[in-house]
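Residue-level listing of the chains:
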Amino acid sequence: MISRPKGTYDIYGEDAKYYNYINGVFTAISELYNYSYIRIPIFEESSLFHRSVGEASDIVTKETYDFKDRGERSLTLRPEGTAGVVRAYIENKMYGDVSQPIKLYYMGTMYRYERPQAGRYRELTQFGVEALGSDAPSQDAEVISLAVRAIEEMGIENITVKINSLGDIETRNNYREALKKHLEPYIKDLCSDCQKRFLTNPLRILDCKVDKDHEALKTAPKIREYLNSSSKERFAKVLEYLEYLDIDYEIDDNLVRGLDYYDHTVFEIVTDMEELGNANTIGAGGRYNGLVEKLGGPSTPCVGFACGIDRLIIVLKELNKTRDISNNLDVYITAVNEEEKLKAVILAQDLRLSEVKCEMDTLARSLKAQFKQADRLKAKLLILLNSEDLKKGIITVKDNLTHEETKVDESEILDYIISNI
Ligand code: HAM
């Protein structure tokens, strides 16, 4: 038997219901906030991710799926969506559109060669939004509030928004020097990854999972203390907007994020769900004002986030929110003889055109077996077709919970069903 590749899983049954539900909520809320859908390729030129996510990042050094196609091109399965959206923004000259900012949302699979565990996969699905072209702190707040609102809409309550500011380039250069100076005496005690990070990207040492309790990290200077006045003002404004929007946040001085393109606002949304262990970050994002220019476009300030759908499935399953997303049937139509079956086909079509979710038998089941199937599908109402009734222009409807039966005039059946489901 051929098995699925390590770190991947099949989404079907209950998981599939949650998967569609989560994507549905995110899509509806993104549309409400006036974001438009974009579909970007699953693979891109490898250099796109090297230049955006970062040459020294864990994702690019250890986790990408790289391959050569039959034309010897170096390609990479996308590890995330922001780089592809920015590439599309530049390539399609969206910066020239009169209507700015450009606000986009996307969903789809991403690929990271990580060590698989609960909530951490090699094929993962993200839902993300990117707002390109606005530097306003209110745009940061909008993106964060969209994410929080969607997660809350799903009934997930115990979440924390962790936020930090990485400031502008001047801030980060000053801070990097101060941090290196502080860490230098300890560097030999830190893990091998941190020793490398010291040379390539010392800020990443701050969110190292191995060294997080080390004295060197606990006493490290905070980037907040190094923000220059414009960065400080900007961060204060974002926090003020969040307060006005009633979004609780926690400033996390060690939050630096694993992708190189960020500046100013960075944030993560975490849940307290134990099942997810340290994979409890359900969404994350931030500002990346330098990326469009770095990839060859005009200087364009941007902000966005992405949520892990797979992690949200685990959270929702645990919270047992099935009632909210139930995929139950509205109506099951029973029919046995040819005349009843023909009527059932026509009725099913009319009901579906009226947005009523209905089903009928197509396996020549006995009437008793049809009742059983209706119960399995959790049908709310049964339409019991029988030739005698049909001759009189009547249809019998049974409430599958109370078992009460009602005779309805055939001409009024649609209205009756719609007002009783
Ligand atoms: P990220 O933090 O790398 O950011 O990923 C965003 C979310 O994807 C995470 O918070 C997590 O929920 C989910 N995720 C990441 N890796 C895995 C995995 N191996 N298995 C399951 N879920 C995972 C980004 O990707 C940025 N592009 C976000 C962004 C958009 N920043 C600005 N715009």
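Here, every reference points to the structure presented above.
### Let's talk about the site of the ligand
And then number 1: In the neighbourhood of the ligand, 27 residues make up the surrounding shell, with Glu 80, Thr 82, Glu 114, Glu 130 and Tyr 262 lying closest.
And then number 2: A distance of 2.9 Å separates a nitrogen atom of the ligand from a polar backbone atom of Tyr 121.
And then number 3: Burial of the ligand by the protein amounts to 96% of the accessible area it has alone, namely 660 Å².
And then number 4: Those elements that provide at least two residues to the shell around the ligand are strand 6 (123–132), strand 10 (281–287) and strand 11 (302–308).

### Remarks on the sheet that holds strand 12 (residues 331–334)
And then number 1: Strand order in the open sheet made by the five strands is 13-12-14-15-16, with mixed pairing throughout. The sheet is open, and its two borders are formed by strand 13 (358–360) and strand 16 (405–409), each paired with just one other strand. Direction aside, neighbouring strands of the sheet carry axes that sit 25° apart on average.
And then number 2: Where strand 12 meets strand 13, three bridges bridge the pair, whose relative direction is parallel. Of the residues in strand 13, the one forming a bridge with Ile 333 is Met 360.
And then number 3: Against the sheet, helix 12 (residues 338–353) touches strand 12, strand 13, strand 14 (381–384) and strand 15 (394–399), its axis set at about 165° to strand 13.

### A closer look at the side chain of Ser 165
And then number 1: Its location among the elements puts Ser 165 in strand 7 (residues 159–165).
And then number 2: Judged by relative accessible area, Ser 165 falls into the buried class, the value being 2%.
And then number 3: A distance of 3.1 Å separates a polar side-chain atom of Ser 165 from the backbone nitrogen of Gly 167.
And then number 4: Ser 165 has contacts with Ile 223, Leu 227, Phe 235, His 264 and Thr 265, leaving out every residue within four places of it along the chain.

### With respect to the sheet that holds strand 11
And then number 1: A sheet is described by the order of its strands in space; here eight strands give the open sequence 1-5-6-11-10-9-7-8, paired in mixed fashion. The sheet terminates laterally at strand 1 (36–37) and strand 8 (249–251), the two strands that pair on one side only.
And then number 2: For strand 9 (residues 263–271) and strand 10, the ladder comprises six bridges, and the chain directions are antiparallel. Counted as the bridge partner of Ile 269 is Gly 283 from strand 10.
And then number 3: Across the sheet, helix 4 (residues 82–91) is in contact with strand 5 (102–111) and strand 6; its angle to strand 6 comes to roughly 45°.
And then number 4: Strand contacts of helix 11 (residues 309–319): strand 6, strand 9, strand 10 and strand 11, with the helix running at about 50° to strand 11, the strand carrying the most contacts.

### So, the packing of helix 5 (residues 137–153) against helix 9 (residues 229–244)
And then number 1: Following both chains from N to C, one finds helix 5 and helix 9 inclined at 45°, their axes separated by 8 Å at the closest point. When the axes of helix 5 and helix 9 are compared, the pair comes out oblique. Pair helix 5 / helix 9 crosses with right-handed handedness. Across the interface between the two elements, Pro 137, Ser 138, Asp 140, Ala 141 and Ile 144 from helix 5 touch Arg 234, Lys 237, Val 238, Tyr 241 and Leu 242 from helix 9.

### Overview of helix 6 (residues 169–183)
An α-helix turns once per 3.6 residues; consequently, residues spaced three or four apart project the same way.
And then number 1: When the terminal C-alpha atoms of helix 6 are compared, their 21 Å separation across 15 residues agrees well with the 21 Å that a helix rising 1.5 Å per residue should span.
And then number 2: Along helix 6, the positions that sit buried rather than exposed are Thr 171, Arg 172, Tyr 175, Ala 178, Leu 179, His 182 and Leu 183. On an axial view of helix 6, the arc spanned by its buried residues comes to 135°, and they lie on one face. Away from its buried face by more than 90 degrees, helix 6 exposes Ile 169, Glu 177 and Lys 181.
And then number 3: In this structure, the buried residues of helix 6 make contact with helix 7 (192–200), helix 8 (215–218), helix 9 and strand 9.

### Concerning the nonpolar core
And then number 1: Ranked by size, the top nonpolar core spans 49 residues in total, and within it Ile 38, Val 86 and Leu 132 carry the most contacts.
And then number 2: Per-element accounting of this core gives the leading share, six residues, to helix 4.
And then number 3: Not counting chain neighbours up to four residues away, the residues in contact with Val 86 comprise Leu 132, Tyr 288, Leu 291, Val 292 and Leu 295.
And then number 4: Residues Tyr 9, Ala 150, Met 154 and Leu 227 belong to the second largest nonpolar core, which totals 46 residues.

### Some words on the packing of helix 2 (residues 46–54) against helix 4
And then number 1: In the contact formed by helix 2 and helix 4, the axes pass within 9 Å of each other and the chain directions differ by 110°. As the angle between them shows, helix 2 and helix 4 are arranged roughly perpendicular. Facing helix 2, whose interface residues are Leu 48, Phe 49 and Ser 52, helix 4 presents Ala 83, Gly 84 and Arg 87.
And then number 2: Residues of the contact of helix 2 with helix 4, tallied by class, amount to three nonpolar, two polar and one charged.

Rules used in this analysis
- Residues numbered from 1 in each chain as written.
- Predicted model: local features only at pLDDT ≥ 70, side-chain atom pairs only at ≥ 80, totals over all residues.
- Heavy atoms only, no water.
- Near = heavy atom within 4 Å.
- Polar contact = N/O pair within 3.5 Å; in protein donor to acceptor, adjacent residues only side chain to side chain.
- Areas by Shrake-Rupley, 256 points an atom, 1.4 Å probe, with all protein chains shown as cover.
- Helix = DSSP H or I, 4+ residues; strand = E, 2+ residues; numbered from the N terminus.
- Pairing = 2+ DSSP bridges.
- Axes fitted to C-alpha atoms, helices over the stretch in contact; angles between N-to-C directions.
- Contact = heavy atoms within 4.5 Å.
- Buried < 20%, exposed > 50% of the residue type's maximum accessible area, 1.4 Å probe, protein only.
- Parallel < 35°, antiparallel > 145°, perpendicular 65-115°, else oblique.
- Left-handed = near helix turned anticlockwise from the far one by under 90°.
- Expected span 1.5 Å × (residues − 1).
- Arc of directions from axis to C-beta.
- Core = buried A, V, L, I, M, F, W, Y, C linked by side-chain atoms within 4.5 Å.
- Nonpolar A, V, L, I, M, F, W, Y, C, P; charged D, E, K, R; others polar.

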